[in-house]
Amino acid sequence: MTDSEKAATIIEALKAAERETAQTALPILNGLAGLVQGDGEQPLEVEEARSSAFMAICEVGKALHRGQPAEGLWGPAIEAAERWKSLARGR
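Computed from a prediction, not measured in an experiment: that's the story for all the values here. (Residues numbered from 1 in each chain as written. Predicted model: local features only at pLDDT ≥ 70, side-chain atom pairs only at ≥ 80, totals over all residues. Heavy atoms only, no water.)

1. Topic: the pattern of salt bridges
Stage number 1. As enumerated under the stated definition, the model contains two salt bridges in all.
Stage number 2. Linking K62 and E59 is a salt bridge whose minimum nitrogen-to-oxygen distance equals 3.1 Å. Taken together, the residues K62 and E59, both in helix α4 (residues 44–66) and three residues apart, mark about one turn of the helix.
Stage number 3. For E59, a relative accessible area of 34% puts it in the partly exposed group. (Salt bridge = Lys/Arg side-chain N within 4 Å of Asp/Glu carboxyl O. Helix = DSSP H or I, 4+ residues; strand = E, 2+ residues; numbered from the N terminus. Buried < 20%, exposed > 50% of the residue type's maximum accessible area, 1.4 Å probe, protein only.)

2. Regarding the packing of α4 against helix α5 (residues 71–89)
Stage number 1. Where α4 contacts α5, the axes come no closer than 8 Å and their chain directions differ by 160 degrees. Considering their axes alone, α4 and α5 lie roughly antiparallel with respect to each other. Once α4 is placed against α5, the crossing between them reads as left-handed. Contacts between α4 and α5 involve E45, V46, A49, R50, S52, A53, A56, I57, E59, V60, A63 and L64 from the former and L73, W74, P76, A77, A80, A81, R83, W84, L87 and A88 from the latter.
Stage number 2. A breakdown of the residues in the contact of α4 with α5 according to their chemical character gives 17 nonpolar, one polar and four charged. (Axes fitted to C-alpha atoms, helices over the stretch in contact; angles between N-to-C directions. Parallel < 35°, antiparallel > 145°, perpendicular 65-115°, else oblique. Left-handed = near helix turned anticlockwise from the far one by under 90°. Contact = heavy atoms within 4.5 Å. Nonpolar A, V, L, I, M, F, W, Y, C, P; charged D, E, K, R; others polar.)

3. Some points on the packing of helix α2 (residues 22–31) against α4
Stage number 1. The contact between α2 and α4 brings their axes to 10 Å, and the two run at 145 degrees. Seen from above, α2 lies across α4 with left-handed handedness. In this structure, α2 contributes A22, A25, L26 and L29 to the contact, and α4 contributes I57, V60, G61, L64 and H65.
Stage number 2. Its residues assigned to classes, the contact of α2 with α4 comprises seven nonpolar, two polar and no charged.

4. Quick notes on the environment of E5
Stage number 1. Along the chain, the position of E5 falls in helix α1 (residues 3–18).
Stage number 2. The partly exposed category is assigned to E5, whose relative accessible area is 43%.
Stage number 3. When the C-alpha positions of E5 and G61 are compared, they lie 22 Å apart, and in sequence the two are 56 residues distant.
Stage number 4. Within the structure, the side chain of E5 is placed 2.8 Å from the backbone nitrogen of T2, a separation counted as a polar contact. (Polar contact = N/O pair within 3.5 Å; in protein donor to acceptor, adjacent residues only side chain to side chain.)

5. Considerations on α2
Stage number 1. Every buried residue of α2 is listed here: A25, L26 and L29. Down the axis of α2, the sector holding all buried residues measures 105 degrees, keeping them to one side. In α2, the exposed positions that point more than 90 degrees away from the buried face belong to Q23, N30 and G31.
Stage number 2. Check the buried side of α2 and you find it contacts α1, α3 (33–36), α4 and α5. (Arc of directions from axis to C-beta.)

6. Comments concerning the nonpolar core
Stage number 1. Counting residues in hydrophobic clusters, the biggest one holds 29 residues, and the most contacted among them are I10, L14, L29, L32, L64, W74 and W84.
Stage number 2. Within the residue set of this core, elements represented by two or more residues are α1, α2, α3, α4 and α5.
Stage number 3. Ignoring any residue separated from it by four or fewer positions in sequence, one finds L29 in contact with L14, I57, V60, G61, L64 and W74. (Core = buried A, V, L, I, M, F, W, Y, C linked by side-chain atoms within 4.5 Å.)

As structure tokens, this is what we get:
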């Protein structure tokens, strides 16, 4: 699976998880960890975008795990994954 395909899968999963309860969304987010891991073979800007997506997903997961509001975190996570997808597609 290419980075662009991974990012597309992540975007769809984030959009689906956003509509769910925290108890349902957390396993979905945990399942994304393997897709967001880098292989180190991409240009630096793609790796940085991937890393930003990973961190944004982690922020959503932390908020859900702690029972904190996550409404304002979904958008940035989706945007970070979309940026990663866009940069990865251009390579």
